[in-house]
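Geometric and topological summary
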Amino acid sequence: VALVRVDSRLIHGQVVTKWMKQTSANRILVIDDGLAKDPFMARVYAMAAPPNSSVEIVSIQKAADDWKNHQLGEGRILAIFKDVQSVLRAWKAGFPVDRLQVGGIGAAPGRRNVYQNITLDQKDANDLSEMQKGGVEIYFQTIPEDKPATFESVISKVKF
């Protein structure tokens, strides 16, 4: 697993292309329970992937099971989650998350802008804090050209 990223847009344009190049990934693994049950939308997302990359869309439990059974097979993987709650569930189920990049979570009621175009709510902040206390390095970075910001530096400026 070359990169684990939270991005509510999942597979999209230049951002994924840049991260695929930056990490030398050749596989995209979208881990999302809802999308795994929706073959039409799964095909739409797969069509947005860069050429010469494979796309798999799996449930949280399948991702954790596949890791336990065969470390997800061959290749370098860019693993993408739609939201913080999903990555927390996957991590608790045994999916490997040593470093977590929070790259894009859009605005919604009850959410606060914390870094560039990234928003969190209290539950997100609590879940990320739990993961950090469990040994996961968490940082915020939207594109490779941006300097990453640590979870501590971002969350210390936010009052929910």
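For the structure given in this document, a descriptive report is provided here. Given the structure is predicted, the values throughout are model-derived calculations rather than measurements.

Focus on the overall build of the protein chain
A count of helices and strands for the protein chain gives seven helices and nine strands. Computed over C-alpha atoms, the radius of gyration of the protein chain comes to 15 Å, within 12% of the 15 Å expected from 2.2 N^0.38 for 160 residues, which places it in the range of a compact globule. Principal-axis analysis of the C-alpha atoms gives the protein chain an extent of 40 × 30 × 30 Å. Looking at the protein chain residue by residue over its 160 residues, the buried ones come to 48%. Sequence-distant contacts, at least 24 apart, represent 71% of the contacts inside the protein chain between residues at least 6 apart. Of the roughly 8,000 Å² of accessible surface on the protein chain, a fraction of 51% belongs to carbon and sulfur atoms. Here the protein chain contributes 21 positively and 18 negatively charged side chains, and the mean placements of these two sets differ by 3 Å.

Description of the pattern of salt bridges
Summed over all chains, the structure comprises eleven salt bridges. Where salt bridges share partners, they join R5, D7 and R9 into one cluster.

Observations regarding the environment of K37
Of note, K37 is situated in the loop between α2 (33-36) and α3 (39-47). Separated by 34 residues in sequence, K37 and Q71 have C-alpha atoms that sit 23 Å apart.

Reading guide: rules and limits
Numbering of residues starts from 1 in every chain and runs along the sequence as written. At least 70 in pLDDT is required for a residue's local features to be given in this predicted model, at least 80 for side-chain atom pairs to be given and counted, and no such filter applies to totals for whole chains, interfaces and linings, which use all residues. To get the side-chain values, take all heavy atoms of the structure and skip hydrogens and water. Numbered from the N terminus, helices here are DSSP runs of H or I no shorter than four residues, and strands are runs of E no shorter than two. We compute the radius of gyration over the C-alpha atoms and compare it with the globule rule, which gives 2.2 Å times the number of residues raised to the power 0.38. Three exposure classes are used, based on accessible area relative to the maximum for each residue type with a 1.4 Å probe and protein chains only: buried under 20%, partly exposed in between, and exposed over 50%. Contacts are assigned to residue pairs with any non-hydrogen atoms lying within 4.5 Å of each other. Accessible surface is estimated by sampling points in the Shrake-Rupley manner with a 1.4 Å probe; for residues, cover comes only from the protein chains shown. Charge convention: Lys and Arg are scored as positive, Asp and Glu as negative, and His as well as the terminal groups of each chain are ignored. Taken as the charge location is NZ of Lys, CZ of Arg, CG of Asp or CD of Glu. Salt bridges are defined by distance alone: a side-chain nitrogen of Lys or Arg within 4 Å of a carboxyl oxygen of Asp or Glu.

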